[in-house]
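Descriptive structure summary
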Amino acid sequence: PPGAGSSGKMAAPMSQGSPVPEPGAAPYGNFPNYSRFHPPEGRVSLLPQGLLRSLFPAATRPLLGLDVGCNSGELSVALYQHLLGLQASDSSSELPGAGKELELLCCDIDPELIRRAQQSSPFPASISFASLDFMDAAAREPFLSSYLQRFGRSSFDIGFCMSVTMWIHLNHGDRGLLEFLALLASLCSFVLLEPQPWRCYRAAARRLRRLGRHDFEHFRSLQIRGDMAQSITRILTQDCAMELVCCFGSTAWDRSLLLFRSTSSQPPG
């Protein structure tokens, strides 16, 4: 996820005459080596041990997780290991019961990043990776419904959205961001969200201009701007029937980890 865009319909463009994607030319956040400059440990180290059990103390079935914008999966796997108290050396072959605790569905717009995630995942039985444009309702709704029906469920227990909101916002505008947040709130009992600060928007726009590419279509017309963590918190709490449970501090690159809970119904468990 990490920062992987789940919006738009385009993979990272290739630079002219080079087989390597330009690192700044990923207009949906689908950077090919994202975890090298934002290592997963920077996020998971902020989360307390036993978080899942404290959120779902009475859960008797596998919890269902949704990771939107999973990039090539490094952070998805690190979150899974941390939430289940597994060591980095653990694998599904050694832990046949791991999937009984958490089933994690991870999606990203970039099929190449998903292919890499599938090839490198140590937990293929309990972490599923799928190429999906989350903002495409025609693709999203049947896909998620089919996944949930496998477990006899209509929603996810917890959703993860790590450095994705900016890419949704830049590519789909204010309306797209509002729609995306409402979707997360409707799909998940809890949402762990890492919004990019406004300075990241300016940096993303500068990168495109430096490469001689067109600016983000909505960048200059965005009305939701400034303190993005505060704005997103306000939207989720005022418009989406969620409450802020906890802020787990900030990463070394100054991004807050915010945990929200649905207030429209009791979380399953």
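In the block above lies the structure referred to throughout.
Residues numbered from 1 in each chain as written. Predicted model: local features only at pLDDT ≥ 70, side-chain atom pairs only at ≥ 80, totals over all residues. Heavy atoms only, no water.

Focus: the nonpolar core
Heads up, the condition is: Note on terminology: a nonpolar core comprises buried Ala, Val, Leu, Ile, Met, Phe, Trp, Tyr and Cys residues joined through side-chain atoms within 4.5 Å. Relative accessible area decides the class of each residue, using a 1.4 Å probe on protein chains only: under 20% of the type maximum gives buried, over 50% gives exposed, and in between gives partly exposed. Working definition: helices are DSSP H or I runs of at least four residues, strands are E runs of at least two. Numbering for both runs from the N terminus. What counts as a domain boundary in this text is fixed by an automatic or database domain assignment.
Leu66, Phe134, Phe156, Leu170, Phe180, Leu193 and Leu236 are the most contacted members of the largest nonpolar core, which totals 46 residues. Looking at this core, the element that brings in the most residues is helix 8 (residues 165-187), giving 11 residues. Each of domain 1 (70-89 + 96-154) and domain 2 (160-262) contributes no fewer than three residues to this core. Membership of the second largest hydrophobic core comes to 32 residues, among which are Tyr80, Met162, Phe190 and Leu192.

Describing the pairing of strand 2 (residues 102-108)
So the rule is basically this: Here, a strand pair is defined by DSSP locating no fewer than two bridges between the strands. For crossovers, right-handed means that the path from the first strand over the helix to the second runs clockwise, given strands pointing away from the viewer.
With respect to burial, strand 2 is a largely interior element, seven of its seven residues being buried. In the sheet, strand 1 (residues 63-68) pairs with strand 2 via six bridges, with the strands oriented parallel. Following the sheet pairing, leucine 64 is matched in strand 2 by glutamate 103. Pairing of strand 2 with strand 3 (residues 127-131), which is carried by five bridges, proceeds in the parallel orientation. Note on strand 3: the bridge partner recorded for leucine 105 is serine 128. In this fold, strand 2 hands off to helix 6 (residues 111-120), which returns the chain to strand 3; that crossover is right-handed.

Points about unusual backbone geometry
Look at asparagine 71: it is not a glycine, yet its phi comes out positive at around 55°. Summarising the element assignment, asparagine 71 is placed in the loop between strand 1 and helix 4 (74-83). On the basis of relative accessible area, asparagine 71 is assigned to the buried category, the value being 0%. Phi at alanine 241 takes a positive value of approximately 55°, unusual for a residue other than glycine. Judged by its relative accessible area of 32%, alanine 241 falls in the partly exposed class.

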